[in-house]
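# Fold and contact review
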Amino acid sequence: MIFGGVCPSVTSIIAESLEGWNLVQLSFAATTPVLADKKKYPNFFRTVPSDNAVNPAVVKFLNFYNWTRVGTLTQDVQRFSEVRNDLTNELEKGNIQIADTESFSNDPCVNVKKLKDSDVRIIIGQFDENLAAKVFCCAYNLNMFGSKYQWIIPGWYQGNWWEQANSTNCTTKKLLTAMEGYISVDFEPLSARQIKGISDRTPKEYEREYSRELQQKGVEASKFHGFAYDGIWVIARTFTRVMELLRIKQRQNTYHNFTVDDREVGKLVLDVMNETNFFGVTGQVMFRNGERMGTIKFNQFQEGHEVKVGEYNAIADVLDLINNSIRFQGVEPPKDQTFVRLQRRHINVPLYSILSTITILGMLMAGAFLFFNIKNRNHRLIKMSSPYMNNLIILGGMLSYASIFLFGLDGGFVSDKEFETLCTVRTWILIVGYTTAFGAMFAKTWRVHAIFKNVKMKKKIIKDQKLLIIVGGMLLIDLCILICWQVVDPLKRTVEEYSLEPDPEGRDISIRPFLEHCENTHMTIWLGIVYAYKGLLMLFGCFLAWETRNVSIPALNDSKYIGMSVYNVGIMCIIGAAVSFLTRDQPNVQFCIVALVIIFCSTITLCLVFVPKFITMRTNPDAATQNRRLKFTQNQKKEDSKTSTSVTSVNQANTSRLDGLQTDNHRLRMKITELDKELEEVTMQLQDTPEKTPYIKQNHYPDANNILSIRNFTDGKDGEKSILKNHLEQKPQAQWGSMDPSRINRGPLEDINSPEHIQRRLSLQLPILHHAYLPSIGGVDASCTSPSGSPGSSPRHRHMPPSYRVMVSGL
């Protein structure tokens, strides 16, 4: 029996040669894991637990806190490497994942950084106290301490070892900050159980006696003294038991000579050593394959010193932690990794409620417009504005409103399968609602354009059925696009995850937000097709609104309001689409923008179409029947003619031009009347002075010429001669001061057109016209003194062009 062996290198050489000498060695201080190889060292025993003995205790400790993911940081020395290899096996048995394994020689900072990058929270270290200071200095610089990390290191360091380390750039305060809360693991030098063992002493009594001996002899204490003491008892009990066995064998061989060789004695010693089981000052002394099954203690560094927090009994495989002794930096033990909690970015319920309320108000407004349109559908103002088309505009607006409710629903309200269906439904409703509203509006404008651009001046009636066909065609195009979209590349639920965010409540977890989208493989292409079609529809509507801008029948023409609506809707859609794309990772902002754009576009469209009609009905319900004039100005570079057409069974004539001609006709007739009166007055003066008959005063020639100048008007406007007949009832404004008082109460036209006046005027005017006025229009020459000329020389008998014919309408 050999007792002793401290230095691993010497002890291993001795232990390897024991079998040849039939010797057994018992060590009380050799903890190197190398000596645990029973194939190489079969006769080696030790009362001190091996360095590997802490590994089962560590696994038990990890399981206690449900830590299933760890990392190791090992000094590049054989002693620590062997412990790490054994620990790896124990962790695999315990179903604990090793996230990263790092080893270093001098500078551990790079390796510590790798552990952090691997999101290792529970770090098991194997290094001496000199490099331990460097490790914790790196941990401080990398912020790998506190409530999110847990360090587990060897527990055999010297007291206040951090104060002796001067090879770091960190101050003692920084080291203590980083070290706070670490767990150290080492074998228990003396048992904590105060019961008397084989030496008839309790561990406490033995410790007092040992301390007294140290004081007497003036030597330093050794942490292995309890194991040496128990080792002596192991040898004593082994020899005692071996001798008892030999005596028994001797009694059984009384009649024969009893001899025992060294090999048999050595085998008996090995067998007895393996059966050792007693309670010593270090706890229960027991061997398993030559290894001491001892007690492992757990200490925690708290406020500058280590505090025992529990122990592990290797024999019973039980971990016993002292209640409320472990203090973690956080409210709970650290997590073994960054626990990521997926959090859906959903739309806030208050925001959804507010926008839904606004949407409901918009739908109620649309319902009120629908009621107003149906109730007054037979009124001329509403009837001329196509009530069926108005109903379609309202229907499209209500569908657009309804899509807002669907845009606000996400995976928090419906399942994943239902969300995919929701993606398709809300897209269909919005597209169909847009086409229904604007298609009906543009169809109405097209009808106005078709009627008032009818250059053939023919009566043209376009019924609502044709407009319904046009809207149906637009919807058919929409359905074709949507059906192809759904069949070829349907919308599906996709999840977009974002970067980790800290927990707002301060817990040791990270939040990974995710957002649900409705997407497909070729989303850009399909959106491009839809946007192109809707854009062309809006451009066509703008064109029609511009072409019919001068049609001034409010009940019939909505071009001004359509232009305003298209402008507002176009601007809002462009802005809304851009902002919505930029805020796709913020569902509340995106939903708010989309909802407000839809609400604004639908509301402004409905109000621009129906509010003017409502105001007109309230203020002037007969406005549609009072003003039937049409002011339609054509572009003079393209068209020279003015047109008058009929609109939906109501004949609208171009009366503005006719009114102008009637005004001119009346003015000229009044002028003729005045000149006739003046002529009559001159003639009467001539009758009173017969000797002056052949002579006409010079100042009357302009008046006579004015009468004849009427020829230019009547000759150039033959088409309007019949118009002048309609104004015989008009009464002139001028009065003649030279008239008899009896004529004052009679109208001028009625007076001068009486039969007696006409007969008298003819008898007086014909001679004067013959001698005075005919020369000015190509008649007899002014130098003629007598009307008796030759018939051939008279201008009356000469051939004259038709343009010189004279009609004096005043006659």
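Before reading on, note that the structure itself is shown above.
In what follows, the accompanying structure is described. (Residues numbered from 1 in each chain as written. Predicted model: local features only at pLDDT ≥ 70, side-chain atom pairs only at ≥ 80, totals over all residues. Heavy atoms only, no water.)

### Re the overall build of the chain
Scanning the chain from terminus to terminus reveals 26 helices and 20 strands. Counting only residues that meet the buried cut, the chain has 42% of its 811 residues in that class. A sequence separation of at least 24 residues applies to 71% of the contacts in the chain between residues at least 6 apart. (Helix = DSSP H or I, 4+ residues; strand = E, 2+ residues; numbered from the N terminus. Buried < 20%, exposed > 50% of the residue type's maximum accessible area, 1.4 Å probe, protein only. Contact = heavy atoms within 4.5 Å.)

### A look at the sheet that holds strand E11 (residues 291-292)
In a beta sheet, neighbouring strands are held together by backbone hydrogen bonds and run either parallel or antiparallel to one another. Taken in spatial order, the 3 strands make up an open sheet running E9-E10-E11, and their pairing is antiparallel. Strands at the two margins of the open sheet, each flanked by one partner only, are strand E9 (277-280) and E11. Taken together, the 2 bridges between strand E10 (residues 283-288) and E11 define a ladder with antiparallel strand orientation. Note that in E11 the partner of Arg 288 across the bridge is Glu 291. (Pairing = 2+ DSSP bridges.)

### Some remarks on the packing of aromatic side chains
For any two aromatic rings, the description comes down to two numbers: the centre-to-centre distance and the angle of the planes. The tally for this structure, following the rule as stated, stands at 30 aromatic pairs. Ring geometry for Phe 61 against Tyr 65: centres 5.3 Å apart, planes inclined by 65 degrees, an arrangement best described as edge-to-face. No difference in accessibility class separates Phe 61 from Tyr 65, as the two residues are buried. Where Phe 136 meets Trp 151, the ring centres are 5.4 Å apart and the plane angle is 50 degrees; that geometry is what we call tilted. Taken together, the residues Phe 136 in helix H6 (residues 129-141) and Trp 151 in strand E7 (residues 150-154) connect sequence positions 15 residues apart. Neither Phe 136 nor Trp 151 differs from the other in exposure class; each is buried. Site record: aromatic cluster; members linked through ring pairs are Phe 80, Phe 136, Trp 151, Trp 156, Tyr 157, Trp 161, Trp 162, Tyr 182 and Phe 301. (Phe/Tyr/Trp six-rings, centres within 6.5 Å; stacked < 30°, edge-to-face > 60°.)

### Here's the deal with the nonpolar core
Grouped together as the largest cluster of nonpolar side chains are 53 residues, with contacts concentrated most on Met 389, Ile 393, Phe 438, Phe 591, Leu 606 and Phe 610. Sorting the residues of this core by element identifies helix H12 (349-375), helix H14 (387-407), helix H15 (416-452), helix H16 (464-488), helix H17 (523-547), helix H18 (559-582) and helix H19 (587-619) as the ones contributing at least two each. The contact partners of Leu 606, leaving out residues within four places of it in the chain, are Met 365, Ala 366, Phe 369, Ile 393, Ile 394, Tyr 401 and Val 611. Ranked by size, the runner-up nonpolar core spans 35 residues in total, among them Leu 62, Ile 124, Ala 228 and Ala 314. (Core = buried A, V, L, I, M, F, W, Y, C linked by side-chain atoms within 4.5 Å.)

### Details of the packing of H15 against H16
A packed helix pair is summarised by two numbers, namely the angle formed by the two axes and the spacing between the axes. Where H15 meets H16, the closest approach of the two axes is 9 Å, and the angle between their N-to-C directions is 155 degrees. Considered as vectors, H15 and H16 are oriented roughly antiparallel to each other. For the pair H15 and H16, the crossing hand works out as right-handed. A breakdown of the residues in the contact of H15 with H16 according to their chemical character gives 15 nonpolar, 6 polar and 5 charged. (Axes fitted to C-alpha atoms, helices over the stretch in contact; angles between N-to-C directions. Parallel < 35°, antiparallel > 145°, perpendicular 65-115°, else oblique. Left-handed = near helix turned anticlockwise from the far one by under 90°. Nonpolar A, V, L, I, M, F, W, Y, C, P; charged D, E, K, R; others polar.)

### Quick notes on unusual backbone geometry
One can expect most non-glycine residues to show negative phi and most peptide bonds to be in trans. In the Ramachandran plot, Asn 22 falls in the positive-phi region, its phi being about 55 degrees despite a non-glycine side chain. Tracing the chain through its elements places Asn 22 in the loop between helix H2 (18-21) and strand E2 (25-27). Residue class for Asn 22 comes out partly exposed when judged on its relative accessible area of 26%. Look at Asn 66: it is not a glycine, yet its phi comes out positive at around 55 degrees. For Asn 66, the position within the fold is in the loop between helix H3 (54-64) and strand E4 (69-75).

### Let's talk about H6
Helix length check: H6 (13 residues) gives 19 Å between terminal C-alpha atoms against 18 Å at 1.5 Å per residue, within 8%. Considered for burial, the residues of H6 that qualify are Leu 131, Ala 132, Ala 133, Lys 134, Val 135, Phe 136, Cys 137, Cys 138 and Ala 139. Next to the buried residues of H6 lie E4, strand E5 (97-104), helix H5 (109-117), E7, helix H7 (161-164) and helix H8 (172-179). The backbone nitrogen of Asn 130 lies 3.2 Å from a side-chain oxygen of the residue at the head of H6, namely Asp 128. Backbone geometry just after H6 places Asn 143 at a positive phi near 60 degrees. (Expected span 1.5 Å × (residues − 1). Polar contact = N/O pair within 3.5 Å; in protein donor to acceptor, adjacent residues only side chain to side chain.)

### Side note on the sheet that holds strand E1 (residues 2-3)
Within the open sheet, the 3 strands sit side by side as E1-E2-E3. Their pairing is parallel. Where the open sheet ends on each side, the last strands, each with one partner, are E1 and strand E3 (44-46). Sheet analysis places E2 next to E3, joined by 3 bridges and oriented parallel. In the strand pairing of E3, Leu 26 is matched with Phe 45.

### Re the pattern of salt bridges
In this structure the tally under the stated criterion is 18 salt bridges. Here Arg 121 makes a salt bridge to Asp 119, at a shortest N to O gap of 3.8 Å. Residue class for Arg 121 comes out buried when judged on its relative accessible area of 4%. A residue is classified by how much of its surface remains accessible, and Asp 119, at 23% relative accessible area, is partly exposed. A salt bridge links Glu 516 to Arg 344; the nearest nitrogen and oxygen atoms lie 3.3 Å apart. A residue pair is termed long-range when its members are at least 10 positions apart, and Glu 516 in strand E18 (residues 509-519) and Arg 344 in strand E15 (residues 339-344) qualify at 172 residues. Judged by its relative accessible area of 10%, Glu 516 falls in the buried class. Note on Arg 344: relative accessible area 26%, which makes it partly exposed. Counted as one network, the salt bridges with shared partners bring together Arg 344, Asp 416, Arg 493 and Glu 516. (Salt bridge = Lys/Arg side-chain N within 4 Å of Asp/Glu carboxyl O.)

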